[in-house]
Protein chains: 2
Amino acid sequence: MSSPAAPVQPPAPRAVRFGVLGCADIARKISRAMLMLPPGAATIAAVGSRSDDKARRFISEIGFPAARVHGSYESLLEDPDVEAVYLPLPTSLHVPWATAVAARGKHLLLEKPTALCTAELDAILSACDASGVQFMDTTMWIHNPRTAKMREIVSDKDAFGDVRVINSMCSFRASEEFLKNDIRVKPDLDALGVLGDVGWYCILSILWAVDYELPETVIAHRHPVKNQAGVLLACGATLYWADGKTANFNCSFLANLAFDVTVYGTNGTLHVTDLVIPYEESSAEFSVASKSSFVKPTIGWDPLPEKHVVTTDLPQEALMIQEFTRLVQNVRAGGRPEGKWPAITRKTQVVLDAVKASIDKGSEPLEVAS
Amino acid sequence: MSSPAAPVQPPAPRAVRFGVLGCADIARKISRAMLMLPPGAATIAAVGSRSDDKARRFISEIGFPAARVHGSYESLLEDPDVEAVYLPLPTSLHVPWATAVAARGKHLLLEKPTALCTAELDAILSACDASGVQFMDTTMWIHNPRTAKMREIVSDKDAFGDVRVINSMCSFRASEEFLKNDIRVKPDLDALGVLGDVGWYCILSILWAVDYELPETVIAHRHPVKNQAGVLLACGATLYWADGKTANFNCSFLANLAFDVTVYGTNGTLHVTDLVIPYEESSAEFSVASKSSFVKPTIGWDPLPEKHVVTTDLPQEALMIQEFTRLVQNVRAGGRPEGKWPAITRKTQVVLDAVKASIDKGSEPLEVAS
């Protein structure tokens, strides 16, 4: 018996070869995500650390035993086998190292907060543009299929109507150890503190809800909490759009874990309470009410809100890596870098800047630059 | 066989005989609630309306066929058989009629918003004090057993910790007809508009969450929505306490039905999404997270939030009437009027006043008078 000729498949694109610049804790989550992807998508080719030992220990833990050790960040950047760099260094180091990554023609997956201000981010984005490399920040939840499903619902002009109000609260209760020693409370490392850390998600979730339309004005809440070094531990703001939409957010290192976003539309309401890190990896929920009315005489609701469950084979961080590798492979094949992700990053940073400026000016209203 | 002697029971207190002053729609919900109570708790003895016909029609609909008809409010007040008055008139009529009720020595169950400002409310409360009659406003959810259960949890210094942030949104999408003709959009009837209507619940729910500690300062959100007559259709505010607690609320006649309150503590989080009118009459839910942490490496939550379900034999409005009749019967038996309810009403009105003043002054920060 002769078997039929196998159909001709285009060769699978070669896996994207990552270099990891710095052995941050969060890098363990990223390497775990890479291992979950189909073989041939992404691999860690090298790890750069200020210490050989630290890099070696990191490599032994992350499941990429073939990764090369670089005893300096500079040496990793010179590695011709590294095609893309995942950069989880403290924010204050982003500009020099991110621009160096781009200057070497390597694609850039950058931890958030991406920069201390928009001017710094623009330096990074310009460097990526100039080299034609892909830029993406590491916001994971935006890649969860739940987010796409929620987008569908919020965009439905009939079932949801126009967005009027958004509330977001992102917080976790930091340990004493964190509040003493974490880079996120150090003015020379992550000077944006809680605003750059979970506040980033508040701002992005609000922008997400309005399809990335920038607000006109932001006003920080009064009495932000700072540590002795002046780094923000808890703060908030109200955002105003020209058409009357309003958003409110609070972010905190001093309150129980919360990743809440609620979107109120003229016809619908969306609740999600675990936006940033879903309760469980394999499925994520949200709830939607649409055209809610009362059972007469106002003794109940009809219809009731509906729970939606979105399952996923791959966790959101693996989907993030998958999206980034897809874009890198596209550039490798002659395509242009995808502009959508850096544009979203920049809008988040622009609003974050305005909130920070309003905080620094004692809750003065600040116009949002575009 | 001789049966044992029946134990001597104290005679059941005589039912409280209500007069209803005005045939508002909401009065139908109240009369329905009275019918649900055990016989002998509450009865509608009389209805007063500016029109005999209207009163007669109302009586035929509410299940108290023996109720007397009064063709004027004044005439109802002169009825010696009426012991307590339920007063659902438009807010602008509250002071003259509520003080008249008290002056006749009748107990007062007053629709919210209770008054256009605290000075007005004080006139009403003084009149009740002077006559030694019981005052209560008609906020129903505060009497739901769910509210007591939530109080227990929020007060738990270990499981919940200290309250840091509260968000509240109360809204419904008003019909075109409502926006044209309802008393709640008329400057001469309910001049507080949405702030007095569902905004009342936002403010009260926030005060409830902090065990009725008044905020120090309120700042109204910018750009409140008003109708052509200047009545508020959508607005909001941020509230600040001396110890750093913050609350944010939005109320609206222009967004989908929502009765959300979320309380964020140092150790716990409480979500309720149907505070004012529970989804169903016989049971009500809320969700609590306590000491939430991450599954390492931040890929899920442990422990997960827990859903609590509180069942009730009587709906919250019947429990409200039951509480009011219990207090009236206590005064009848020689006790003093309960001061807790008027105190809560007054605090709500005080904060509402400050929000209104901040709105009127273009979102200036307003100190909250005590």
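Conventions and cut-offs
Residues numbered from 1 in each chain as written. Chains lettered and ligands numbered in written order. Predicted model: local features only at pLDDT ≥ 70, side-chain atom pairs only at ≥ 80, totals over all residues. Heavy atoms only, no water. UniProt positions renumbered as here; feature names shortened; annotations may be inferred. Helix = DSSP H or I, 4+ residues; strand = E, 2+ residues; numbered from the N terminus. Expected span 1.5 Å × (residues − 1). Buried < 20%, exposed > 50% of the residue type's maximum accessible area, 1.4 Å probe, protein only. Contact = heavy atoms within 4.5 Å. Pairing = 2+ DSSP bridges. Least-squares fit on C-alpha atoms with pLDDT ≥ 70 in both. Buried area = accessible area lost by both parts, 1.4 Å probe. Polar contact = N/O pair within 3.5 Å; in protein donor to acceptor, adjacent residues only side chain to side chain. Nonpolar A, V, L, I, M, F, W, Y, C, P; charged D, E, K, R; others polar. Phe/Tyr/Trp six-rings, centres within 6.5 Å; stacked < 30°, edge-to-face > 60°. Lys NZ or Arg CZ within 6 Å of the ring centre and 35° of its normal. Axes fitted to C-alpha atoms, helices over the stretch in contact; angles between N-to-C directions.

- Under an unreviewed UniProt entry, the name given to chain A is Oxidoreductase, and the source organism is Zea mays.
- What UniProt records for chain A under Sequence similarities (unreviewed entry) is the sentence "Belongs to the Gfo/Idh/MocA family."

## Digging into helix α5 (residues 118–131) of chain B
Residues and elements named next belong to chain B.
Argument step 1. Its 14 residues give α5 an end-to-end C-alpha distance of 20 Å, which sits within 8% of 20 Å, the value for a rise of 1.5 Å per residue.
Argument step 2. Considered for burial, the residues of α5 that qualify are Thr-118, Leu-121, Ile-124, Leu-125, Ala-127 and Cys-128.
Argument step 3. For α5, the elements touching its buried residues are α4 (94–103), β5 (107–110), β6 (135–137) and α11 (340–360).

## Here's the deal with the pairing of strand β14 (residues 283–290) of chain A
Residues and elements named next belong to chain A.
Argument step 1. Two strands pair when backbone bridges link them, and strand β13 (residues 268–272) and β14 are joined in this way by four bridges, in the antiparallel orientation. Among the inter-strand pairings, His-271 is bridged to a residue of β14, identified as Ser-287.
Argument step 2. When β14 meets strand β17 (residues 306–311), the two strands line up antiparallel, connected through six bridges. Along β17, the bridge assignment pairs Glu-285 with Val-309.

## A few points about the relation of the copies chain A and chain B
Look at the two chain copies: a rotation about an axis and a shift along it is all it takes to match them.
Argument step 1. Of the transformation superimposing chain A on chain B, the axial component is 0.0 Å and the angular component is 180°, with the fit at an RMSD of 0.0 Å. Here the two chains are linked by the operation of a two-fold rotation axis.
Argument step 2. Residue by residue, 100% of the interface of chain A is reproduced at the interface of chain B, so both copies engage with the same surface.

## Remarks on unusual backbone geometry
Argument step 1. Residues Lys-112 of chain B and Pro-113 of chain B are joined by a peptide bond in cis, for which omega reads -5°.
Argument step 2. Of note, Pro-113 of chain B is situated in the loop between β5 and α5.
Argument step 3. Cis geometry marks the peptide bond from Asp-302 of chain B to Pro-303 of chain B; its omega dihedral reads -5°.
Argument step 4. Locating Pro-303 of chain B in the fold gives a position in the loop between β16 (300–302) and β17 (306–311).
Argument step 5. Unusually for a residue other than glycine, His-223 of chain A sits at a positive phi of about 55°.
Argument step 6. Tracing the backbone shows His-223 of chain A in the loop between β8 (217–220) and β9 (225–226).
Argument step 7. The phi angle at Asp-211 of chain B is positive, at roughly 55°, despite the residue not being glycine.
Argument step 8. For Asp-211 of chain B, the location among the structural elements is in the loop between α9 (198–209) and β8 (217–220).

## Brief notes about the UniProt feature "domain: Gfo/Idh/MocA-like oxidoreductase N-terminal" (unreviewed entry) in chain A
Argument step 1. Per the UniProt record, "domain: Gfo/Idh/MocA-like oxidoreductase N-terminal" (unreviewed entry) is annotated on residues 16–136 of chain A.
Argument step 2. In residues 16–136 of chain A, helix accounts for 43% and strand for 21%; the two terminal C-alpha atoms are 15 Å from one another.

## Overview of the environment of Val-163 of chain B
Residues and elements named next belong to chain B.
Argument step 1. Take Val-163: it is sitting in strand β7 (residues 163–173).
Argument step 2. Overall, Val-163 belongs to the buried group, its relative accessible area being 11%.
Argument step 3. For Val-163 and Lys-307, which are 144 residues apart along the polypeptide, the C-alpha to C-alpha distance reads 20 Å.
Argument step 4. Excluding residues within four positions of it along the chain, Val-163 makes contact with Val-154, Ala-209, Val-210, Lys-245, Val-263, Tyr-264 and Gly-265.

## Description of the interface of chain A and chain B
Argument step 1. Facing the 54 residues of chain A at the interface are 54 residues of chain B.
Argument step 2. Buried area between chain A and chain B, summed over both chains or domains, comes out near 4500 Å², and the portion from carbon and sulfur atoms is 60%.
Argument step 3. It is Asn-256, Tyr-279 and Trp-301 of chain A that lose the most area in chain A upon contact with chain B, and together they represent 16% of the buried surface on that side.
Argument step 4. Linking chain A with chain B are 28 residue pairs in polar contact (both at pLDDT 80 or more).
Argument step 5. For the side of chain A that touches chain B, the leading source of residues is strand β12 (residues 254–265) of chain A, giving ten residues.
Argument step 6. Of the residues contributing to the side of chain A that touches chain B, the split by class is 21 nonpolar, 22 polar and eleven charged.

## Considering the environment of Lys-157 of chain A
Residues and elements named next belong to chain A.
Argument step 1. Along the chain, Lys-157 falls in the loop between α6 (145–154) and β7 (163–173).
Argument step 2. Since its relative accessible area comes to 58%, Lys-157 is described here as exposed.
Argument step 3. Here the alpha-carbon distance between Lys-157 and Gly-265, two residues 108 residues apart in the chain, equals 9.4 Å.
Argument step 4. Not counting chain neighbours up to four residues away, the residues in contact with Lys-157 comprise Asp-162 and Asn-267.

## Some thoughts on the packing of aromatic side chains
Argument step 1. On inspection of all chains with the given rule, the structure shows 16 aromatic pairs over all chains.
Argument step 2. Between the aromatic rings of Phe-294 of chain A and Phe-259 of chain B, the centroid separation amounts to 6.2 Å while the plane-to-plane angle is 20°, which identifies the pairing as stacked. In this pair, Phe-294 of chain A is assigned in strand β15 (residues 293–295) and Phe-259 of chain B in strand β12 (residues 254–265), connecting two distinct chains.
Argument step 3. Overall, Phe-294 of chain A belongs to the partly exposed group, its relative accessible area being 21%.
Argument step 4. Overall, the relative accessible area of 3% leaves Phe-259 of chain B in the buried class.
Argument step 5. Both rings, one in Phe-172 of chain B and one in Phe-253 of chain B, keep their centres 5.2 Å apart while their planes meet at 50°; by these two values the pair is tilted. Placement of the pair is Phe-172 of chain B in strand β7 and Phe-253 of chain B in the loop between β11 (246–252) and β12, with a sequence separation of 81 residues. Here the two residues Phe-172 of chain B and Phe-253 of chain B agree in accessibility, since each one is buried.
Argument step 6. Among the aromatic residues, ring-to-ring pairing joins Phe-259 and Tyr-279 of chain A together with Phe-294 and Trp-301 of chain B into one connected group.
Argument step 7. Over the aromatic face of Trp-208 of chain A sits the side chain of Arg-151 of chain A, whose NZ or CZ is 4.9 Å from the ring centroid.

## Observations regarding the sheet that holds strand β6 (residues 135–137) of chain A
Residue and element names in this part refer to chain A.
Argument step 1. The six strands are arranged β3-β2-β1-β4-β5-β6 in an open sheet whose pairing can be described as parallel. This sheet does not close on itself; its edge strands, each paired only once, are β3 (68–70) and β6. On average, each strand axis in the sheet is inclined to that of its neighbour by 25°, with strand direction left out of account.
Argument step 2. Summarising the sheet, strand β4 (residues 84–87) and strand β5 (residues 107–110) pair through four bridges and their orientation is parallel.

## Some thoughts on the side chain of Ser-49 of chain A
All names here are of chain A.
Argument step 1. Secondary-structure assignment places Ser-49 in the loop between β2 (42–48) and α2 (52–62).
Argument step 2. Overall, the relative accessible area of 5% leaves Ser-49 in the buried class.
Argument step 3. Not counting the four nearest positions on each side in its chain, Ser-49 is found in contact with Cys-23, Lys-54, Ala-55, His-70, Gly-71, Ser-72 and Tyr-73.

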